[in-house]
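An overview of the molecular structure
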Amino acid sequence: MGSAVERTDEHVREYLIYRGFTSTLKHLDNDIKADKEKGFRVDKIIDQLQQFVQSFDLSGLKDYWLYLDRRLFSRLEDVYRSTVNKLRISLYRYYVINTVQVSPRNLEKTQEFFQKQASELQGQAEWRDWFILPFIPSPEQNPAFSQYFSRQWADTFLVSLHNFLSVLFQCMHILHFDAEVQKMTGLSEENEQLRQLLFALQTESRDHRGGEQMVHHKLPTYVQNMDRLGDTELDLVTSQRAVSSATTSTRNFFSTFLPQGRRTSGKPLQATSGSSPSQAAMGRRDPSSNQVKAGSARFPDLKKTDSTIGWLFSPFMCCLQTPEKKGEPWEVEPPAESSSEPPDSSNSRSWGAGVEEQPFIKLSQEEYGEHHSSIMHCRVDCSGRRVASLDVDGVIKVWSFNPIMQTKATIMSKSPLLSLEWATKPDRLLLLGSGVGTVRLYDTDAKKNLYEMNIDEAHPRILSLACSPSGSSFVCSAAAPGRSGSAESAPRLPIPVSGQLLLWDTKTVKQQLQFSLEPEPVAINCTAFNHNGNLLVTGAADGVIRLFDMQQYESAMSWRAHDGEVYSVEFSYDENTVFSIGEDGKFIQWNIHRCGVKQSEQILPQDATGPFVLSGYSGYKQVQVPRGRLFTFDSEGQHVLTCSSSGGLIYRLANGESALERVLSLGGHKAPVVTVDWCSAVDCGTCLTASMDGKIKLSTLLAQKS
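None of these values were measured; they are calculated from a predicted model. Every chain begins its residue count from 1, and numbering advances along the sequence as written. Since the coordinates come from a predicted model, pLDDT governs what is reported: local features require at least 70, and pairs of side-chain atoms require 80 or more to be given and counted, while whole-chain, interface and lining totals use all residues. The side-chain quantities take in all heavy atoms of the structure and omit both hydrogens and water.

**Here we look at the overall build of the protein chain**
The helix and strand inventory of the protein chain stands at 12 helices and 31 strands. Counting only residues that meet the buried cut, the protein chain has 48% of its 706 residues in that class. Taking contacts inside the protein chain between residues at least 6 apart in sequence as the whole, the part at least 24 apart equals 55%. Working definition of accessibility: Shrake-Rupley area with a 1.4 Å probe, residue cover restricted to the visible protein chains. Summed over its atoms, the accessible surface of the protein chain is roughly 36200 Å², and 51% of this surface lies on carbon and sulfur atoms. Think of it this way: any DSSP run of H or I at least four residues long counts as a helix, any run of E at least two long counts as a strand, and we number them from the N terminus. Using a 1.4 Å probe on the protein chains alone, a residue whose accessible area is under 20% of its type maximum counts as buried, one over 50% counts as exposed, and one in between counts as partly exposed. What makes two residues a contact is simply this: any of their non-hydrogen atoms within 4.5 Å.

What follows is the structure in structure tokens.
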């Protein structure tokens, strides 16, 4: 209900701006600020009640509760009046307990409450024993009142009130367009089911023609390349045709209230009729992101249809059956050097039996465009609900993407920020490493800094942060002053910069120890824990990978891994090996049971390893040294996501193979991708790719289980 009201307010505001009704817009903004119902936002109503309690505004608390009772609670049936009465009594008790806790020696506010409420409360049995409260020396130790002074009782009351109001707003149809929104949602689901049925029929028709040969005519080179001249225009025309072919009932003003994206397992992707203009900057979808190639996905739940249905849909199948279609969301383009070579086996899928299918289907791709400079870090929290992204200007955005893309907090820093990491327990905390020797612990729910730790003045650059899975400590990599952490065009220094690797306790906010870095102290670029926090792997500026035993707090082994710096390092799924990417452009798998033994070595293109280059007009060139995560694995550790010049690339990991098998190109970027992340906390995997133009693409993938 709250989100629907906010979207309605945005549409009304945009309409008034379009019509030029500025005075009406001012009155609307003033009325919204003075709105006692807070746009039906339960959290804001609870905050308002707590504000009255903490400021000892008894008259304001009473008036606000009477307004809620007259506006909302009076609509309920009589059977719920007892629940409302219990909540009112608990609210007053919450107020009285707060007056005693804040000023136990000065009970003026407590006595004032009973004086003003005596006529109303003295006849109620629930308050009979409470009038002696101001005269008890230590009421928190009295058996009759001790439970009300506990934090558990206060939290239980606030949660109960929050849940009651939430259910109330969901059940009461205060706004009249709820039925219209449900109707549009049902139509979208029905359209999606019909679309999948159409694809299933097309697949069945192609299976029946398994023995037929299709004649492909080779076109001249200039004709083959004509579609590359106007991709944007073609996408625009495609999207316009898709909108025009939709039912006219979906061209409704309230169609913009439909969900922007749904990622629930077992249901088809919901088609949206439109998007809110207020979300345009954060949640733009690619026109071709929801197109699914016919026959590429399985439909085990669709039964084989009879010939009558096939005859009905035959005209539509004739229009959909094309020998080749460029720009599929999950299809990898063949190499541009030679058009005569056969297509990649990962792209061309035969309809015959026994041929392996695509491991992933790209269901959708959304864009988060709130940053205005190149991204350095982009990380999903452990629960998969929030994303934290950091750009080179020191701006951090904390945002969510389910059910819609929405910014939760914006952090502006006066000092340059170089690193960030989500805490594991609790997952609402964010670690921020700066370039002036400090690490901040930020609460994303309260939107405030909890602590600021001074690391070391001699090593002010915090290059990497890693929180242990237990959440009790974190590792901090501090380096001496050197190159800037954003756009670095200077050549690499011949001697690695000195640095420290420190272990800090998150509860006491104190340094526990400093790790020994052999043969000499060097800047650590990247760090990663294993699943239980017993092992820590690091990659340094001297090209050495070090493996630390976190139970003994000492180095277990180290080896020379790359010619140049180590940019990114991660444990494998079984944690028997370690993967790394270095300045030499190599992607190497190392056996941690045999020091310095390679299991595989791959050469990656420069746009996957950095330094990343963004060219502009008049010879402008921006160079960025890798700082964020350059590769990440899926939930089963069988596929890896890497950076590229136009989007993320997914490869299949195959032990003993001479080359990585490229299975999916996410695409969608116009600038080089500099960091990636892969969230598997939800049923559908979510890939994040961030680029130098400040754009972050969020691609939702569906795994094809064989």
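**Some words on the UniProt feature "repeat: WD" (unreviewed entry) in the protein chain**
In the UniProt entry, the feature "repeat: WD" (unreviewed entry) is given for residues 517-558 and 559-592. Secondary structure across residues 559-592 divides into 0% helix and 59% strand, with the first and last C-alpha atoms of the span separated by 10 Å. UniProt positions are given in the numbering used here, feature names are shortened, and annotations may be inferred rather than shown by experiment.

**Observations regarding the sheet that holds strand E13 (residues 499-505)**
When DSSP finds two or more bridges between two strands, those strands count as paired. Read across the sheet, 4 strands follow the order E11-E12-E13-E14 without closing on themselves; strand pairing throughout is antiparallel. Only two strands of the sheet have a single partner each, and these edge strands are strand E11 (461-467) and strand E14 (510-514). Along the sheet, successive strands turn relative to each other by an average axial angle of 30°, direction set aside. Here 7 bridges tie strand E12 (residues 473-479) to E13, and the two strands are oriented antiparallel to one another. Residue pairing for E13: Ser 473 is matched across the bridge by Asp 505. In this analysis, axes come from line fits to C-alpha atoms, helices being fitted only over the stretch in contact, and the angle between any two N-to-C directions falls in the range 0 to 180 degrees.

**Here's the deal with unusual backbone geometry**
The residue after Lys 425, namely Pro 426, is reached through a cis peptide bond having omega -10°. Counting through the fold element by element, Pro 426 comes out in the loop between strand E7 (417-422) and strand E8 (429-434). Residue Pro 519 follows Glu 518 across a cis peptide bond; omega there is 5°. Note that Pro 519 resides in the loop between E14 and strand E15 (524-529).

**Some thoughts on the sheet that holds strand E16 (residues 535-540)**
Spatially, 4 strands are ordered E15-E16-E17-E18 in an open sheet, and the strand pairing comes out antiparallel. Each edge of the open sheet is held by one strand with a lone partner, namely E15 and strand E18 (554-560). Neighbouring strand axes in the sheet, compared pairwise and without regard to direction, differ in orientation by 20° on average. Sheet topology note: the strand E17 (residues 544-549)/E18 ladder contains 6 bridges and is antiparallel. Residue pairing across strands places Asp 549 opposite Glu 554, the latter belonging to E18.

**Describing the packing of helix H3 (residues 42-54) against helix H4 (residues 58-71)**
When two helices pack together, their arrangement is given by the angle between the helix axes and the distance between those axes. Interhelical geometry of H3 versus H4 gives an angle of 155° and a closest axis separation of 9 Å. Relative to H4, the element H3 is oriented roughly antiparallel. Contacts from Ile 45, Gln 48, Leu 49, Phe 52 and Val 53 of H3 reach H4 at Gly 60, Leu 61, Tyr 64 and Leu 68. When residue character is reported, Ala, Val, Leu, Ile, Met, Phe, Trp, Tyr, Cys and Pro are called nonpolar, Asp, Glu, Lys and Arg charged, and the others, Gly included, polar. For the contact of H3 with H4, the class distribution of residues is 7 nonpolar, 2 polar and no charged. Just so you know how the angles are binned, under 35 degrees is roughly parallel, over 145 roughly antiparallel, 65 to 115 roughly perpendicular, and the rest oblique.

**As for the pattern of salt bridges**
We define a salt bridge as a side-chain nitrogen of Lys or Arg found within 4 Å of a carboxyl oxygen belonging to Asp or Glu. Scanning the entire structure with this criterion turns up 20 salt bridges. The partner of Arg 386 in a salt bridge is Asp 445, and the shortest N-O contact between them spans 2.9 Å. Taken as a pair, Arg 386 in strand E4 (residues 386-391) and Asp 445 in the loop between strand E9 (438-443) and strand E10 (448-454) lie far apart in primary sequence, 59 residues in all. The class of Asp 445 is exposed, set by a relative accessible area of 53%. Connected via shared salt-bridge partners are Arg 379, Glu 421, Glu 570, Arg 629 and Asp 677.

**Focus: the pairing of strand E30 (residues 685-691)**
Most of E30 sits out of view: 7 of its 7 residues are buried. Burial of E30 is two-sided: the residues Gly 685, Cys 687, Thr 689 and Ser 691 facing one way and the residues Thr 686, Leu 688 and Ala 690 facing the other way are all buried. Where strand E29 (residues 673-679) lies against E30, 6 bridges are found, and the strand directions are antiparallel. Bridged to Val 676 within E30 is Thr 689. Taken together, the 6 bridges between E30 and strand E31 (residues 696-703) define a ladder with antiparallel strand orientation. Bridge pairing in E31 links Ala 690 to Ile 696.

**Section: the packing of H3 against helix H5 (residues 81-102)**
The interhelical angle for the contact between H3 and H5, taken along N-to-C directions, is 40°, at an axis separation of 9 Å. One way to sum up the angle between H3 and H5 is to call them oblique. Between H3 and H5 the crossing geometry is right-handed. Between H3 and H5, the residues in contact are Leu 49, Gln 50, Phe 52, Val 53 and Gln 54 and Leu 91, Tyr 94, Tyr 95 and Asn 98, respectively. For the contact of H3 with H5, the class distribution of residues is 6 nonpolar, 3 polar and no charged. In a left-handed crossing the near helix is turned counterclockwise from the far helix by less than a right angle, and in a right-handed crossing that turn is clockwise.

**Topic: the nonpolar core**
Within the largest apolar cluster, 45 residues are counted, with the highest numbers of intra-cluster contacts made by Leu 61, Phe 73, Phe 113, Trp 127, Trp 130, Leu 161 and Leu 165. If you list the elements that add at least two residues to this core, you get H3, H4, H5, helix H6 (108-121) and helix H7 (151-171). Looking at this core, the element that brings in the most residues is H5, giving 10 residues. The contact partners of Trp 130, leaving out residues within four places of it in the chain, are Arg 93, Val 96, Ile 97, Phe 114, Phe 145 and Tyr 148. Among buried residues, those of type Ala, Val, Leu, Ile, Met, Phe, Trp, Tyr and Cys that are joined through side-chain atoms within 4.5 Å constitute a nonpolar core. Ranked by size, the runner-up nonpolar core spans 31 residues in total, among them Ile 650, Leu 660, Val 663 and Leu 666.

**Topic: the packing of aromatic side chains**
Two aromatic rings from Phe, Tyr or Trp, using only the six-membered ring of Trp, form a pair when their centres are within 6.5 Å; if the ring planes differ by under 30 degrees the pair is stacked, by over 60 it is edge-to-face, and anything between is tilted. Scanning the model with the defined rule gives 22 aromatic pairs in all. Between Trp 559 and Trp 590, the ring centres sit 5.8 Å apart and the planes meet at 50°, which makes this aromatic pair tilted. A residue pair is termed long-range when its members are at least 10 positions apart, and Trp 559 in strand E18 and Trp 590 in strand E21 (residues 586-591) qualify at 31 residues. Ring centres of Phe 579 and Phe 587 lie 5.3 Å apart, and the angle between their planes is 20°; this geometry places the pair in the stacked category. Accessibility expressed as a relative area gives 2% for Phe 587, which makes it buried. Each member of the aromatic cluster is reached from another via a ring pair, and the members are Tyr 92, Tyr 94, Tyr 95, Phe 113, Phe 114, Trp 127, Trp 130, Phe 131, Phe 145, Tyr 148, Trp 153 and Phe 157. The criterion for a charge sitting over a ring is simple: Lys NZ or Arg CZ within 6 Å of the ring centre, and within 35 degrees of the ring normal. Across the ring face of Trp 127, the terminal group of Arg 93 is positioned such that the distance to the ring centre comes to 5.5 Å.

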